[in-house]
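# Examining the three-dimensional arrangement
Take a look at the letters that make up each chain.
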Amino acid sequence: MTATLDVLLWRGTAEGSYRRYQVPWRDNQTVLDVVTWVQRNLDATLSYRFACRVGMCGSCAMTVNGRPRWTCRTHVSKVADGGRLTIGPLQNLPVIKDLVTDMQPFFEKWQKAKGTFAPSKTRIDPIETIAPSNPARLAADAAIECINCAVCYAACDTVRWNENYLGPAALNRAWTLVNDARDAGNGERLTTVAADGGCHACHSHQSCQEHCPVALNPTASIAGLKRRAAQAYFSGAIKL
Amino acid sequence: MNVRLYLWQRLTAALMLPLLLTHLVVIFYAMRKGFSAADILGRTRGSIAWALFYGTFVSAVAVHAPIGLRTVLIEWTPLRGRSSDVVAIGFGIVLAALGFRAVAAVVLP
Amino acid sequence: MTALWLAHRTSALWLAALVHRLSGLALATFLPLHFLTLGLAISGEAKLESFLRWSDQPVVKLSESILIFLLAIHMLGGLRLLAVENFAWFDGQKRLAVVAAAMAALVAVVFLARVF
């Protein structure tokens, strides 16, 4: 007789409830496998998101037993608490249906933090030479692997408590651009991150760093932004 | 929290580090079983040094605490924007007023 | 559901931040009272003296040592923040947070011993 997992899945929108499903417990099973099994065998109306299912795209992020994680990279054996799993949508984002959240606010804050590259040259200018060992480049490289999965955003209590807060992912990206010698947008960028809801709202809880599946450290990036913004403010380069 | 408030809060925090350590040493030195008002006032009355020390301390905390309070109000209560500013500033004024009164009370001869 | 709510909030650093915030709130509440007490001296020694004698009670002394703990831990927590924000990233912060709590407790206990 195979063992069974006792699985609670969130059904509904912001209003809704957890519904219970019994799922066969297999070896080498991921939480995404569990959700997929429910949708295919028990309830075709279950909505959830995934794409690559190999830990590269970040689409499958959900709240598993209270923690935001990539479900395709979460082995059931590691998290099933006595054979029980509670799976819900990512926190801090509006729920569209069941396990699917609306990522729009996340990306709007990304834009607001000026997390986009502002070119400084044309195609006929010589290429900027940047040594890989350049300290600013190293700082940017350490933070550049973000794939916008929103796990850090879901883990962050400051995001939860302060609706103006741009959040760890957006600020982490802003930090990589602040360190990019080719970028010309620092005036606007530092002004935005120095304003209300910017980097200075971070309390260094470090939930972001703890949960990032790519082992990034937004707290450190934000600390760097705090320094740069303060310097820019002192030197008069930005005004509030 | 923006860069201006952040700087005021962090800088007053840094200023208060040595003030606080000194204050703790003073408390430890002065406080023992049965210590009296005369013990305190005998040292503080007419002292310009204590006036400056505690005057600075009061000024710093009257800036530092309201900024922290404002953040807590914004994050943990329904108060937003202007109303949290008003409460925080009001608290700062209360701290400054009571604080300077206390300094005067122990320092004036 | 409380277990679910707490699940990702059990890191030592999250707790340190919570303690930092709660100690700040407690100190902010205490400060006006502290100033009012000292302000009793404005009308002479007598009122301050009678307050000090009232505060000789063990339960008051215990409260005072808790306040000293809160003061010390708030300061040490703030020190950690200043370090994170102004110096290069350093590891071992969880351990530091625990050490800070221990130091603050020590200070409070030494105070209590002195005044009893």
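The coordinates are above.
Before going into details, it helps to say that this report is about the structure given with it. (Residues numbered from 1 in each chain as written. Chains lettered and ligands numbered in written order. Predicted model: local features only at pLDDT ≥ 70, side-chain atom pairs only at ≥ 80, totals over all residues.)

## A short note on helix α5 (residues 93–115) of chain C
- Compared with an ideal rise of 1.5 Å per residue, which puts 23 residues at 33 Å, α5(C) spans 33 Å between its outermost C-alpha atoms and is within 8% of the ideal.
- Those residues of α5(C) lying buried are Leu96(C), Ala97(C), Ala100(C), Ala104(C), Val107(C), Ala108(C), Phe111(C) and Val115(C).
- Packing partners of the buried residues in α5(C) comprise α1 (3–30) of chain B together with α2 (12–38) and α4 (58–86) of chain C. (Helix = DSSP H or I, 4+ residues; strand = E, 2+ residues; numbered from the N terminus. Expected span 1.5 Å × (residues − 1). Buried ≥ 20, exposed ≤ 12 C-beta atoms within 10 Å, placed from the backbone. Contact = placed C-beta atoms within 7 Å.)

## Quick look at the pairing of strand β3 (residues 61–64) of chain A
All names here are of chain A.
- Neither face of β3 is exposed, since Ala 61 and Thr 63 on one face and Met 62 and Val 64 on the opposite face are all buried.
- Pairing between β3 and strand β4 (residues 67–70): four bridges, direction antiparallel. Residue pairing across strands places Ala 61 opposite Trp 70, the latter belonging to β4.
- Inspection of the sheet shows β3 paired to strand β5 (residues 84–88) by two bridges, in the antiparallel sense. (Pairing = 2+ DSSP bridges.)

## Brief notes about the sheet that holds β5(A)
Residues and elements named next belong to chain A.
- Taken together, five strands build an open sheet; the order of strands is β2-β1-β5-β3-β4 and the sheet is mixed. Each edge of the open sheet carries a strand with a single partner, namely β2 (16–24) and β4. Between one strand axis and the next, the sheet turns by 35° as a mean value, whatever way the strands run.
- Sheet analysis places strand β1 (residues 4–12) next to β5, joined by four bridges and oriented parallel. What sits directly across from Asp 6, in β5, is Arg 84. (Axes fitted to C-alpha atoms, helices over the stretch in contact; angles between N-to-C directions.)

## Overview of the interface of chain B and chain C
- Across the boundary between the two partners, chain B contributes 26 residues, which contact 23 residues of chain C.
- When residues of the side of chain B that touches chain C are traced back to their parent elements, those giving at least two are α1, α2 (37–44), α3 (48–76) and α4 (81–107) of chain B.
- When residues of the side of chain B that touches chain C are assigned to their parent elements, the largest contribution, eight residues, is made by α4(B).
- Its residues assigned to classes, the side of chain B that touches chain C shows 19 nonpolar, three polar and four charged. (Nonpolar A, V, L, I, M, F, W, Y, C, P; charged D, E, K, R; others polar.)

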